[in-house]
Amino acid sequence: MSFETMGNQRRSTCQVLGRLDHRSQVVIERRINGAGSHPRQAYPCNELIVMLGGRSVVRRSGDGQNERCLARAGTAWTGPVGFMEKAELSDAIACLHVCLPPALIEHSALADYGIDASLIELAFVGGLADPLLLSFAQAFDGVLARPPQPTDQLFIDGLTTALAAHLIANYTIDRWKPPTATQKLDRRRLKRVLDYIDAHFAELIRLDHLADEACLSPFHFARLFREATGVTPHRYVTNRRVHAAREALALDQASLLEIALAYGFGTQDNFIRVFRKSTGLTPGQYRNMFRP
C-alpha cells in the first residue's frame, strides 16, 4: 500500500507524468509543477524535489521561513512531512520527486546504527546545488523511464537507504547549517550575469533582470556587483554597448543610426552623447581614426 504525496494534493497545479510506488518505502514521481501560485498545504510525507529541466524563479514560504532562488536543472529542495508550504513559480518546471515516509527510515533500522529516531526531522531547505542529490534523482528517474527489471527491488532499496542516509547526515534540523550571508558575488553567479549582459546588451536590461540571474534582491545585487567589478550594473552595460559600437565603427560599414539601434542606445543623439562621454570622442571622430 502506498502513501499520500504532495502531488496527490496539488492536482490543480501539478501534472504527474510518471509514478512508481515501491513497497510503501518510496514513491517516485516525475511531475510538471505549473507556473503561478501553489496553495499552502502540508507535506503528507518527506520529499526530495530535484529539478530536471526548465528555468524558473521559485519562491517557497512557511512557518516564518522564506526562500527565493533562480532554479535550473539540478536545483533541489526538501519538503519535510507536516510542513505547511506555499509556493510560487514564475515558469513551469519539470521535477523528479522522491517521496519518503515520515520516518525516512524505519526506527528499527536506525537503532541498528545507533541513531535516535526521535531526533530525525528533515529541515526545510531550498535552492540546493548538491551533486549527490542530483545523482540520486537521475538514478530514480532512470528506473521510472525504463521497463521493469528483476533487479529493480534490490536497486531501489539500496538507493532509498543511501538517499535517506545522505539526508539524515546533511539536511535534518539538527545538522543543516544555512550558509552565511554572501559577502561577495561569487565567480559562478558573476559569470552568469556577465553572460546574460553579453547576450542581451542590445535590449532593455533592467536591474531586476540582472538580480534574478544572481538570485539576489536588486539592492544587494547592485552593491555586490559594484564590489566585484568596480562599476555599477548600469555603467557595465553601457560600457559593453560602447565596446560593441567601437568595433562596428572600426569596420566603417553601418551608419550611426544603425549602430545606435543595433546596440541599445535607442537614438542617434543618445548614442553620440554616451559615446563621447565614455571615450572623449564623437563616433565620427572615432571612425575617422580607422580611415586611410
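Residues numbered from 1 in each chain as written. Predicted model: local features only at pLDDT ≥ 70, side-chain atom pairs only at ≥ 80, totals over all residues. Heavy atoms only, no water.

**Quick word on the sheet that holds strand β5 (residues 56-62)**
Then, number 1: Strand order in this open sheet of 4 strands is β3-β8-β5-β6, and the pairing throughout is antiparallel. For this open sheet the edge positions go to β3 (36-42) and β6 (65-71), each flanked by a neighbour on one side alone. Between one strand axis and the next, the sheet turns by 15° as a mean value, whatever way the strands run.
Then, number 2: Relative to strand β8 (residues 84-89), β5 runs antiparallel, the two being bridged by 4 bridges. Pairing of R59 across the sheet is with E88, part of β8. (Pairing = 2+ DSSP bridges. Helix = DSSP H or I, 4+ residues; strand = E, 2+ residues; numbered from the N terminus. Axes fitted to C-alpha atoms, helices over the stretch in contact; angles between N-to-C directions.)

**Some words on the pairing of strand β2 (residues 26-33)**
Then, number 1: Taking burial as the measure, the 8 residues of β2 include 6 buried ones, the bulk of the element.
Then, number 2: Pairing analysis gives 8 bridges linking strand β1 (residues 14-22) to β2, with the strands arranged antiparallel. Of the residues in β2, the one forming a bridge with V16 is R31.
Then, number 3: Turn length for the β1-β2 hairpin, with the two strands adjacent in sequence and antiparallel, is 3 residues, and the turn residue R23 shows positive phi of about 50°.
Then, number 4: In terms of strand pairing, β2 meets strand β9 (residues 93-100) through 7 bridges, oriented antiparallel. Bridging from a neighbouring strand, I28 pairs with V98 of β9. (Buried < 20%, exposed > 50% of the residue type's maximum accessible area, 1.4 Å probe, protein only.)

**Details of the confidence of the model for the protein chain**
Then, number 1: Summary statistics for the protein chain give a mean pLDDT of 87 and a share of 91% for residues scoring 70 or more.
Then, number 2: Highest mean pLDDT in the protein chain belongs to strand β7 (residues 76-79) (94); lowest belongs to helix α2 (residues 107-112) (54). (pLDDT = per-residue confidence, 0-100.)

**What about helix α10 (residues 268-279)?**
Then, number 1: Taking 1.5 Å of rise per residue, 12 residues should cover 16 Å, and α10 covers 16 Å from first to last C-alpha, within 8% of that figure.
Then, number 2: Within α10, burial applies to F271, V274 and F275. One face of α10 carries all of its buried residues, which in axial projection span an arc of 100°. Away from its buried face, by an angle of more than 90 degrees, α10 presents the exposed residues D269 and K277.
Then, number 3: Within two residues after α10, G280 carries a phi angle of roughly 85°, on the positive side. (Expected span 1.5 Å × (residues − 1). Arc of directions from axis to C-beta.)

**Considerations on the nonpolar core**
Then, number 1: Formed by 23 residues in total, the largest nonpolar core has its most connected members in L48, L96, V98, L133, F140, L163 and L167.
Then, number 2: With 6 residues, the top contributor of residues to this core is helix α3 (residues 131-145).
Then, number 3: By size, the runner-up hydrophobic cluster in this structure holds 16 residues, among which are L185, F201, L224 and V237. (Core = buried A, V, L, I, M, F, W, Y, C linked by side-chain atoms within 4.5 Å.)

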